[in-house]
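Report on the structure
Here is how the chains run, residue by residue.
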Amino acid sequence: MHFLKKGRFQLFALLLTASLAMSACYPSSGGLSVEDLDVVATVYDPEVDFSNYRTFAMPDSVVHLLPDDADPDDDNISRSFDELILREVAQGLTDLGYVRVLEPDPDNPPDLYAFVSISTTQWAGYVGYPWWGGWGWYGGYPPGWGPGWGPGYPWYGGGVVYSYETGTLFVDLVDPERQDAPTREIGTTWIGALNGLLENSSAGTATRLNTGIRQMYEQSAYLKAGS
Amino acid sequence: MKRFTLLTALFAVFFLGTAVETAAQNGLTSLTYNVSSATGDMAKFVDDTSWLGVQIKGSYFKTENMALTFSFGWQVFDESNHDTIALSFDQADGDVSGFQTRYVNAFPVLAGVQYFLGESRALRPYVGLEAGFNYIIQRFDMGLWSLKEQRFLVAVAPEIGVIVPAGFNSYLVVAGRYDHAFKAGSYVTQEKFDFTYMSLKVGIAWEPGF
């Protein structure tokens, strides 16, 4: 007697492989902490020799980037961490050998200006409950129902709505000698960006900002100042 | 695209089922658990050993020693790390770092030949070579971002192994296999590369009447 009859084998193989192929496997996804979602990106102009720079200056505030059509009164980005951010950005540059100029002279500007800015984005999504679509083989049960029917949530509207807020901290190093008057642009030599999920914990946010800003400099070894 | 993938897989399974059942009249059907390790440039993307793999193969004996084969497999590679990745643009260079997870799901669907040494119902070493396609799903997760590309790649897979009689018209199968899918299409990485991996296969095979 055959262990698997022809029809049974095909059905077995069909069900087995269909279940495998319906969704690829991603075993490492899940179980991530908020810190695990932080990403640090740095971009630089490869034609710039940073060893030619020795001094820097920076404003004493963090710019909040808002959409063009936004009312400035709608700025709800917290300033709780501005001092920490500015301190860490300046300390990082100092550690790389740059000397900070506290009161820059327009006639004798520093080699670089460091500008710090923040933007935030609110994201929202909706997860429905694909009852018949997801469990197609239950078609016809219970009697009288079928595709197109599904459980209702009249008190809620159906499904689950979720939202989260992300933020990005930008640090720009700008060379005032590389300005282009016609376009009114000043040449950026280096950009550091820290992107992540915003959270309510002050301690957690402070630690992540510290770590992220340090990582910006750590992965930019070419940024070392000239002596 | 996912629906297309599913339909392709279902078609492959139907074809495989027919081929395997045909083979079962005069051959072997095998089911193996595969442990794999990426090689070459693929190992730069995902280097950890893959412990998730399976393959089903039908072998139809045309002669005492030579069999035609049809196989379908699934191998999952994944790796998490905090690597810093160098970026290169037209007028700028850069780096990006953070916790990242890389995945490759490989679904090889191949046909080929096997050549067996020895006699039927005995311990039989064999060599085989298959060709066909490998459906590759490549995914890269970093921070709040996820990149995914999927494509059919032309593939070949040489294999060497042995079947050992285990009674009741069944055999133990131990084999080594090399899968090579040739680069084409879009990648989540800036550089394209061949997907190549070595596998150790362990499983069972059975003849009609098992």
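Quick caveat: nothing in here was measured; it's all calculated off a predicted structure.

The predicted coordinates of low-pLDDT regions are not to be read in fine detail. Residue and element names in this part refer to chain A. Considering every residue of chain A, the mean pLDDT works out to 76; 72% of them sit at 70 or more. At the level of individual helices and strands, chain A shows its lowest average pLDDT in helix α3 (residues 131-134), which scores 40, and its highest in helix α2 (residues 82-95), which scores 95. The low-confidence segment residues 1-6 (pLDDT under 50) makes 10 contacts with residues lying over four places distant or belonging to another chain. Of the regions scoring below 50 in pLDDT, residues 129-147 engages in 22 contacts with residues more than four places distant in sequence or in other chains.

Residues and elements named next belong to chain A. With respect to the element layout, Trp 190 can be found in strand β7 (residues 185-197). For Trp 190, a relative accessible area of 0% translates into the label buried. Taking the C-alpha atoms as reference, Trp 190 lies 7.3 Å from Val 174; in sequence the two are 16 residues apart. Trp 190 has contacts with Thr 42, Val 43, Tyr 44, Phe 50, Val 171, Asp 172, Leu 173, Met 216, Tyr 217, Ser 220, Tyr 222 and Leu 223, leaving out every residue within four places of it along the chain. A polar atom in the side chain of Trp 190 sits 3.2 Å from the side chain of Ser 220.

Further remarks concern the pattern of salt bridges. This model, assessed by the stated rule, comprises 13 salt bridges over all chains. A:Arg208 serves as the salt-bridge partner of A:Asp38, at 2.7 Å between the closest nitrogen and oxygen. Of this pair, A:Asp38 sits in the loop between α1 (6-22) and β1 (39-44) while A:Arg208 sits in helix α4 (residues 202-218), placing them 170 residues apart in sequence. For A:Asp45, the salt bridge goes to A:Arg178, with nearest N and O atoms at 2.8 Å. In this pair, A:Asp45 sits in the loop between β1 and β2 (55-57) while A:Arg178 sits in strand β6 (residues 160-180), placing the two residues 133 residues apart along the sequence. Residue classification places A:Arg178 among the partly exposed residues on the basis of a relative accessible area of 33%. Through salt bridges with shared partners, one network takes in B:Lys57, B:Glu130, B:Glu159, B:Arg177, B:Asp179 and B:Lys201.

A few words now on the nonpolar core. In terms of nonpolar packing, the biggest core is built from 34 residues, with A:Ile85, A:Tyr98, A:Leu169 and A:Trp190 touching the most fellow members. Ranked by the residues each element gives to this core, the list is headed by α2(A), at 6 residues.

Time to look at the packing of α2(A) against α4(A). Residues and elements named next belong to chain A. Close contact between α2 and α4 brings their axes to 10 Å; oriented N to C, the two are set at 25 degrees. When the axes of α2 and α4 are compared, the pair comes out roughly parallel. In this structure, the crossing between α2 and α4 has a hand that is right-handed. Residues Leu 84, Ile 85, Glu 88, Val 89, Gly 92 and Leu 93 of α2 touch α4, and the partners they reach there are Ala 206, Leu 209, Asn 210, Ile 213, Arg 214 and Tyr 217. Of the residues in the contact of α2 with α4, the class split is 8 nonpolar, 2 polar and 2 charged.

Right, let's talk about the sheet that holds strand β6 (residues 100-116) of chain B for a bit. Residue and element names in this part refer to chain B. One closed barrel accounts for 8 strands, arranged β1-β2-β3-β6-β7-β8-β9-β10; its pairing is antiparallel. In this sheet, adjacent strand axes meet at a mean angle of 25 degrees when their direction is disregarded. As judged from the 19 bridges shared by strand β7 (residues 124-142) and strand β8 (residues 145-167), these two strands associate in the antiparallel manner. Note on β8: the bridge partner recorded for Tyr 135 is Phe 152.

Residue and element names in this part refer to chain A. Under the 1.5 Å per step criterion, the end-to-end length of α2 is 20 Å for 14 residues, consistent within 8% with the ideal 20 Å. Along α2, the residues classified as buried are Asp 82, Leu 84, Ile 85, Leu 86, Glu 88, Val 89, Ala 90, Gly 92 and Leu 93. Downstream of α2 by a residue or two, Gly 97 has a phi angle that is positive, lying close to 105 degrees.

Centre-to-centre distance and the angle between the planes together describe a pair of aromatic rings. All names here are of chain B. Taken as a whole and assessed by the stated rule, the structure comprises 16 aromatic pairs over all chains. Taking the centre distance of 4.9 Å and the plane angle of 55 degrees together, the rings of Phe 193 and Phe 195 count as tilted. Here Phe 195 falls in the buried class, since its relative accessible area comes to 0%. In textbook terms, an aromatic cluster arises when at least three aromatic residues are bridged by ring pairs, as seen for Trp 74, Phe 107, Phe 133, Tyr 135 and Phe 152. Just above the ring of Tyr 187 sits the side chain of Arg 151; from NZ or CZ to the centre is 4.4 Å.

Let us look at unusual backbone geometry. Residues and elements named next belong to chain B. Phi is positive for Arg 121, which is not a glycine, with a value near 65 degrees. Among the secondary structure elements, Arg 121 is positioned in the loop between β6 and β7. Since its relative accessible area comes to 53%, Arg 121 is described here as exposed. Located in the positive-phi region is Asn 169, a residue other than glycine, with phi close to 55 degrees. The residue Asn 169 is located in the loop between β8 and β9 (170-181) in this model.

Quick notes on the rules
Residues numbered from 1 in each chain as written. Chains lettered and ligands numbered in written order. Predicted model: local features only at pLDDT ≥ 70, side-chain atom pairs only at ≥ 80, totals over all residues. Heavy atoms only, no water. pLDDT = per-residue confidence, 0-100. Helix = DSSP H or I, 4+ residues; strand = E, 2+ residues; numbered from the N terminus. Contact = heavy atoms within 4.5 Å. Buried < 20%, exposed > 50% of the residue type's maximum accessible area, 1.4 Å probe, protein only. Polar contact = N/O pair within 3.5 Å; in protein donor to acceptor, adjacent residues only side chain to side chain. Salt bridge = Lys/Arg side-chain N within 4 Å of Asp/Glu carboxyl O. Core = buried A, V, L, I, M, F, W, Y, C linked by side-chain atoms within 4.5 Å. Axes fitted to C-alpha atoms, helices over the stretch in contact; angles between N-to-C directions. Parallel < 35°, antiparallel > 145°, perpendicular 65-115°, else oblique. Left-handed = near helix turned anticlockwise from the far one by under 90°. Nonpolar A, V, L, I, M, F, W, Y, C, P; charged D, E, K, R; others polar. Pairing = 2+ DSSP bridges. Expected span 1.5 Å × (residues − 1). Phe/Tyr/Trp six-rings, centres within 6.5 Å; stacked < 30°, edge-to-face > 60°. Lys NZ or Arg CZ within 6 Å of the ring centre and 35° of its normal.

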